[in-house]
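In case you want the letters, here they are:
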Amino acid sequence: MTKWRKPDEVPFLRLEGVVKRFGDFAAVDGVSLDIYRKELFCLLGGSGCGKTTLLRMLAGFEQPTAGRIYLDGADITEAPPYERPINMMFQSYALFPHMSVESNVAFGLKQDGVARVEIRRRVAEALELVQLGPLAKRRPHQLSGGQRQRVALARCLVKRPKLLLLDEPLAALDKKLREHTQFELMNIQEEVGITFIVVTHDQEEAMSLSTRIAVMDRGQIAQVGTPTEIYEYPKSRFTANFIGSINFFDGKVARSEEGELTVTVPDLGRDLHVRSTRQLAIGSDVSVAVRPEKIVISRDPLDLPNSVRGKVRDLGYLGSVSVYRVELENGALIKVSAANTRHSAEREVDWDDEVYLGWRATSAVVLTE
Amino acid sequence: MRRRNWFLFSALCFGFAFLYGPILSLIVYSFNESRLVTVWSGFSTRWYGELFRDPQIIDAALLSLRIAAVNATFAVALGTLAGLAVARFGRFRGRTLFTGMIAAPLVMPEVITGLSLLLLFVTLEAAVGWPSGRGVTTITIAHITFSMAYVAVIVQSRLSTMDASVEEAALDLGARPWKVFLVITLPIIAPALVAGWLLAFTLSLDDLVIASFVSGPGASTLPMVVFSKVRLGVSPDVNALATIIVGVVTLAVIVSGWLMIRSERRRERDVQAALADRS
Ligand SMILES: Nc1ncnc2c1ncn2[C@@H]1O[C@H](COP(=O)(O)OP(=O)(O)OP(=O)(O)O)[C@@H](O)[C@H]1O
Ligand SMILES: [Mg+2]
C-alpha cells in the first residue's frame, strides 16, 4: 500500500507553484504537490486557509494566478471544467433540485453521450453502491442529509473520473453517521480504485481516512506526509499544534552526539535528551515537543532519561483515557494523558498529588521553527 | 387587551374600506339600470350587453391583450439575459453603471420615458425609415423597454438566492455552459420567469401614459379608449368593463395563490416524509 513511496513512481497529479490571488490577498500561495494514483489524499487546515480554493482550481472553476497543474502527464491548467476527467463533490452537495435521484446520477453520463441502456445499467450500479436503489425516483428535497450526500457521491462516481475531489464530504453529518460514512468512503475508494482528494478541517477524520495528509496554513503547505509521519514527526510548531495536542519546552542545544541532542531548558532548570539525526549547531534555539500520551505519570520517581516533578492541578476523565494537567515547579502547565487500565475508584494518581513525569529520548521531537 | 383589539379591528376595517370601497361602488354601479352613473334606478345587466356590442371597446381590448402578450414574452427573454449578466458574470467593466441603468426605468417618471421614446422613434424614422409611423409596433417596443427592467430585477434576485454551485456541478459533470443554462438554470428559475411574464403582461395592460405618447392613428389600447370615453363623461359601460377586469384579475390572483399554497404543502409533506424515513 505504500506505492507512492516508490522512488520510480510517476506522480498522477502534479501542482507546480500554484498561486491564487483575490485582489491583493493570496488565498493559495505557492502550493507544489505530487499526488499518486489510488491515493486517498487529505487536505487539512483551519477555516479560510485556502482548501476550497485549491480544490476549485483543480476542478477548473478558478484560474490560478500563477503555476501549472498536470494530470496524468497533461497540462490541464487552462482546461474548462467540462473537459477535465475530474469530478467534484460539493460542500453543499449541489444536487439538481428539479430532477429525481436517478436523473441526477444519470446527468453526467448523458453529457458524455453514453448509450441509454448503458446509462441505465451504470446508474443502477452506482445507486446500489451507495445503497440508494429504493429511493431512485425521489427528488432531493425528499431525502435526509445523509442520503443527499450519498446521491452526490454516486453522481460523481458514476462517471468513473480519474480524480475525485470531495469538499468536506462529511461535515453535515452527525458524529455517528460520520464515522460510519468514513468507512463506507474508504471501502468505496478501494472498490472503484479512483484517486480521491478529500478536504477537511477535522483532524481525526484526516488521520483515519487518508494515505497521506497535507496540512495547510494561510495558503501554504505546512507539511505533507502519512498520518504517522505528521503525528510523530511534525516539522513545525504549527503542524504539531494542529494535529492532536502537544507540550513544548523552549531551550538551547547544549550537546549533539551520536544521534542524541541535549537541550538546556532554562525554565525547567535542567537538560532534556532527545533522539534526533538532525545536525544542529551548539547554542541554537529549539523547542522540544512531547505528546501527552508519551509521558508517563507516577507517584514514584521514574528511571527515565527525561524526568520532571510537578503537582496535579486538573484531572479530566474521558472514559478510555484520563487527561492530567500538571503544574511544574516553574509554574508551567504540562498535559499528560494515560489509558485507564484500572477502575476509576482505584486510580493511582489524584488531584493535588505530587507526581513525577518522565519520557524516553525517542518520544520527543526537536523543532527549530 | 380589549382596547388594543378594538383599535386593530377598526384599523383593519378602515384599511379595507379605503382599498376596496371605490372598487365595490364601481362594481355595484355597473349593475345600475340608469344611464346616469351616480343615480341608482334598479338592477340590470344591460351595460354588459352594450359593452360586448361596442366594436371600439372589443377591438381595443383585443389589441391590448395582443400587445401585452408580445411585450411580456420579449420582456422575459431580454430581462432574463440582463438579470443573468448582473447576477452571474461577476465583475466586469461598467457593471455598476449597467445595474443602475437596468433599475432606472423603474423610477423614471412615465412622462419622461414616453416623451424620450417618442423622440427616439421620430428620429429613427427620419434617419433609417423604421419604424414607419407610430402604432402597434412602437407601443410594443416602448412597453418592452420598461417592463424588461422589472423582469431583470425579478430574475436577478431569484438567481442571487439560487445556489451557484448547482450550475458548477453541471459544468463539472461535463455540460457546456449553454446547456447548463437550458437544462439546469432555466428550469430552476422558471417560477420567477412566469411571475415576470405575468407582471410584464399586467404592466402593459395598465399603461396609459407611455402608450399615449408613442401611439399613432388606429392604434388605441384599452386604457386609451377608456380614458377618452371617460373624458366625455363617465358612462356605465365603462363600469361594466372595469368590473370584468377586476373579476379576471381576482381570479388570476386566487388561482396562482392556490397553486403556490398547494406546491408548498406538498413540499412540506415530502420533507416530513424524508425526516420520518431517517429515524
Ligand atoms: N471569490 C473570492 N473572492 C475573494 N476572496 C475569496 C474568494 N474565495 C475565497 N476567498 C478567500 O480566500 C480564503 C480561502 O478561502 P477558502 O474557501 O479556500 O477557505 P477554506 O480553507 O475552504 O475554508 P473553510 O474550511 O471555511 O471552508 C478566505 O480567506 C476567503 O475569504
Ligand atoms: Mg471550504
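Refer to the structure presented above.
This structure is a prediction, so every number in the text was calculated from the model and none was measured.

Trainee: Just to check I follow, could you spell out the interface of chain B and chain A for this structure?
Mentor: The parts lose accessible area when they come together, and the size of an interface is often stated as this lost area. With 24 residues of chain B in contact, the opposing surface of chain A contributes 29 residues. Between chain B and chain A, a total of about 2300 Å² is buried, with carbon and sulfur atoms accounting for 58% of that surface. Viewed at the interface, chain A and chain B are joined by two salt bridges. Salt-bridge contacts for Glu83(A) lead to Arg176(B); the nearest nitrogen and oxygen are separated by 3.6 Å. Counting the contacts that link chain B with chain A gives eight residue pairs in polar contact (both at pLDDT 80 or more). Of all the secondary structure elements, the ones that give two or more residues to the side of chain B that touches chain A are helix H7 (164-172), helix H8 (177-206) and helix H11 (236-278) of chain B. With seven residues, the single largest contributor to the side of chain B that touches chain A is H7(B).

Trainee: What's the story with the sheet that holds strand E13 (residues 270-275) of chain A in this structure? I'm lost.
Mentor: By definition, the strands of a sheet pair up through backbone hydrogen bonds, in either a parallel or an antiparallel sense. Residues and elements named next belong to chain A. Taken in spatial order, the five strands line up as E13-E12-E11-E14-E20 in an open sheet, and their pairing is antiparallel. Each edge of the sheet is formed by a strand with only one pairing partner; in this case those strands are E13 and strand E20 (364-367). Averaged over neighbouring strand pairs, the angle between their axes works out to 45° when direction is ignored. Relative to E20, strand E14 (residues 285-290) runs antiparallel, the two sharing four bridges. Residue pairing across strands places Ala 289 opposite Val 365, the latter belonging to E20.

Trainee: I'm lost on the environment of Gly247(B) in this one. Help?
Mentor: Residues and elements named next belong to chain B. Examined against the element boundaries, Gly 247 turns out to sit in helix H11. A residue is classified by how much of its surface remains accessible, and Gly 247, at 38% relative accessible area, is partly exposed. Along the backbone, Gly 247 and Gly 100 are 147 residues apart, and their C-alpha atoms lie at a distance of 37 Å.

Trainee: Looking at this structure, I do not really get the nonpolar core. What am I missing?
Mentor: Soluble globular proteins: nonpolar side chains tend toward being buried together. Counting residues in each nonpolar core, the largest one holds 55 residues, and the members touching the most others are Leu13(A), Leu15(A), Leu43(A), Phe96(A), Leu165(A), Ile197(A) and Ile184(B). In terms of residue count, the dominant contributor to this core is H8(B) (seven residues). If near-sequence neighbours (up to four positions away) are discounted, Ile184(B) is found in contact with Phe96(A), His98(A), Met99(A), Phe107(A), Val166(B), Ala170(B) and Lys179(B). Judged by nonpolar contacts, the second largest core, of 42 residues, contains Val130(A), Leu135(A), Tyr231(A) and Ile243(A).

Trainee: Can you help me understand the site of ligand 1 in this one?
Mentor: Residues and elements named next belong to chain A. Around ligand 1 sit 14 residues, and of these Ser 47, Gly 48, Lys 51, Thr 52 and Thr 53 come closest. With respect to ligand 1, the side chain of Glu 168 contributes an N or O atom lying 3.4 Å from an oxygen atom. Contact with the protein chains hides 61% of the accessible area of ligand 1, taken as 640 Å² for the molecule alone. Among the elements of the structure, strand E2 (25-35) and helix H1 (51-59) are those that each provide at least two residues to the shell around ligand 1. If one sorts the elements of the shell around ligand 1 by residue count, H1 sits on top with three residues. Across the shell around ligand 1, the residue classes tally to four nonpolar, eight polar and two charged.

Trainee: Please clarify how the pattern of salt bridges should be interpreted in this entry.
Mentor: Side chains that differ in sign of charge can pair as their charged atoms come close. Residues and elements named next belong to chain A. Overall, the coordinates contain 33 salt bridges over all chains when judged by the stated rule. The partner of Arg 68 in a salt bridge is Asp 75, and the shortest N-O contact between them spans 2.9 Å. For Arg 68, a relative accessible area of 29% corresponds to the partly exposed category. Shared partners join several salt bridges into a network, and the residues in it are Glu 118, Arg 121, Arg 122, Glu 125 and Arg 160.

Trainee: Would you explain a nonpolar patch on the surface in this entry?
Mentor: Residue and element names in this part refer to chain B. On the surface, Trp 6, Phe 9, Leu 12, Phe 16, Leu 19, Tyr 20 and Ile 23 cluster together into a nonpolar patch covering about 760 Å² of accessible area. Tracing the sequence through the fold places Ile 23 in helix H1 (residues 2-30). Taking relative accessible area as the criterion, Ile 23 reaches 32% and is therefore assigned partly exposed.

Trainee: Just checking my understanding: could you explain the pairing of strand E8 (residues 195-200) of chain A for this structure?
Mentor: The two faces of a sheet get side chains in turn, since along a regular strand they alternate between them. All names here are of chain A. In terms of residue burial, E8 counts as a mostly covered element, since six of its six residues are buried. Side chains of E8 alternate between two faces, with Thr 195, Ile 197 and Val 199 and Phe 196, Val 198 and Thr 200 buried alike. Here strand E3 (residues 40-45) pairs with E8 via five bridges, running parallel. Paired with Cys 42 across the strands is Val 198, a residue of E8. Pairing of strand E7 (residues 163-167) with E8, which is carried by five bridges, proceeds in the parallel orientation. Residue pairing across strands places Leu 165 opposite Ile 197, the latter belonging to E8.

Criteria and thresholds
- Residues numbered from 1 in each chain as written.
- Chains lettered and ligands numbered in written order.
- Predicted model: local features only at pLDDT ≥ 70, side-chain atom pairs only at ≥ 80, totals over all residues.
- Heavy atoms only, no water.
- Contact = heavy atoms within 4.5 Å.
- Buried area = accessible area lost by both parts, 1.4 Å probe.
- Salt bridge = Lys/Arg side-chain N within 4 Å of Asp/Glu carboxyl O.
- Polar contact = N/O pair within 3.5 Å; in protein donor to acceptor, adjacent residues only side chain to side chain.
- Helix = DSSP H or I, 4+ residues; strand = E, 2+ residues; numbered from the N terminus.
- Pairing = 2+ DSSP bridges.
- Axes fitted to C-alpha atoms, helices over the stretch in contact; angles between N-to-C directions.
- Buried < 20%, exposed > 50% of the residue type's maximum accessible area, 1.4 Å probe, protein only.
- Core = buried A, V, L, I, M, F, W, Y, C linked by side-chain atoms within 4.5 Å.
- Near = heavy atom within 4 Å.
- Areas by Shrake-Rupley, 256 points an atom, 1.4 Å probe, with all protein chains shown as cover.
- Nonpolar A, V, L, I, M, F, W, Y, C, P; charged D, E, K, R; others polar.
- Patch = residues over 30% accessible without salt bridge, like charges linked within 9 Å, V, L, I, M, F, W, Y side chains within 5 Å.

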